[in-house]
Amino acid sequence: GELAEVINRKFPGKAFLVGDFLKLSGIRLVMRASYSRTIERQKVRDQGDRHVLAAALAAGCRCIVSGDKDLLSLGTYKRMEIRTSKDVLRHGKQSA
């Protein structure tokens, strides 16, 4: 999937680690079909980011970790915090 493609692009030859990473990290993959009808309802400056919000809502996320400036500008969205990875690593899961 897309995650394996991105990891392979950024870390050539490491895509085989995706499954182990997902198990250890607690990250849950959400299929687009489960949230596709709600994409249009998400309000964000960059319309391309609406799928991120819809997927996070469908997965029941409490926090989105992103470097995207448009998402970060929201601060929170429907009770989900939007934080940088640096912030999460610096302050831990205290509020995530």
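What this report covers is the structure whose coordinates are included nearby.

Basis of the calculations
Residues numbered from 1 in each chain as written. Predicted model: local features only at pLDDT ≥ 70, side-chain atom pairs only at ≥ 80, totals over all residues. Heavy atoms only, no water. Buried < 20%, exposed > 50% of the residue type's maximum accessible area, 1.4 Å probe, protein only. Helix = DSSP H or I, 4+ residues; strand = E, 2+ residues; numbered from the N terminus. Pairing = 2+ DSSP bridges. Core = buried A, V, L, I, M, F, W, Y, C linked by side-chain atoms within 4.5 Å. Contact = heavy atoms within 4.5 Å. Axes fitted to C-alpha atoms, helices over the stretch in contact; angles between N-to-C directions. Salt bridge = Lys/Arg side-chain N within 4 Å of Asp/Glu carboxyl O. Patch = residues over 30% accessible without salt bridge, like charges linked within 9 Å, V, L, I, M, F, W, Y side chains within 5 Å. Areas by Shrake-Rupley, 256 points an atom, 1.4 Å probe, with all protein chains shown as cover.

**Brief notes about the pairing of strand 3 (residues 80-83)**
So, point 1. The two faces of strand 3 match: Met80 and Ile82 on one face and Glu81 and Arg83 on the other face are all buried.
So, point 2. Looking at chain direction, strand 1 (residues 63-65) and strand 3 are connected through three bridges and run parallel. Looking across to strand 3, one finds that valine 65 is bridged to arginine 83.
So, point 3. Bridging between strand 2 (residues 76-77) and strand 3 involves two bridges; their strand directions are antiparallel. Each residue of the ladder has a partner; that of threonine 76, found in strand 3, is glutamate 81.

**Quick look at the nonpolar core**
So, point 1. In this structure, Val44, Leu53, Ala56, Ile64, Leu71, Tyr77, Met80 and Ile82 together form the largest nonpolar core, which totals eight residues.
So, point 2. Here leucine 53 is in contact with Gln42, Lys43, Val44, Ile64, Leu71, Leu74, Tyr77, Met80 and Ile82, once residues within four sequence places are set aside.

**Re the sheet that holds strand 1**
So, point 1. Judged by pairing direction, the sheet is mixed, and its three strands sit side by side in the order 1-3-2 without closing on themselves. Each edge of the open sheet carries a strand with a single partner, namely strand 1 and strand 2.
So, point 2. Along the sheet face, helix 3 (residues 50-59) touches strand 1, strand 2 and strand 3 and points at about 135° away from the line of strand 3.

**What about the pattern of salt bridges?**
So, point 1. Counted according to the given criterion, the structure contains two salt bridges.
So, point 2. Its salt-bridge partner being aspartate 70, residue arginine 45 comes within 2.5 Å of it at the nearest N-O pair. Separated by 25 residues along the polypeptide, arginine 45 in the loop between helix 2 (18-25) and helix 3 and aspartate 70 in helix 4 (residues 69-72) bring together distant segments of the chain.
So, point 3. With a relative accessible area of 60%, arginine 45 lands in the exposed category.
So, point 4. Using a relative accessible area of 18% as the deciding quantity, one classes aspartate 70 as buried.
So, point 5. Between arginine 83 and aspartate 87 there is a salt bridge, and its shortest N-O distance comes to 2.8 Å.

**Let's talk about a nonpolar patch on the surface**
So, point 1. Among the surface-exposed residues, Phe21, Ile27 and Leu29 lie close enough to one another that they form a single nonpolar patch of about 300 Å² accessible area.
So, point 2. As for its position among the elements, isoleucine 27 is in the loop between helix 2 and helix 3.

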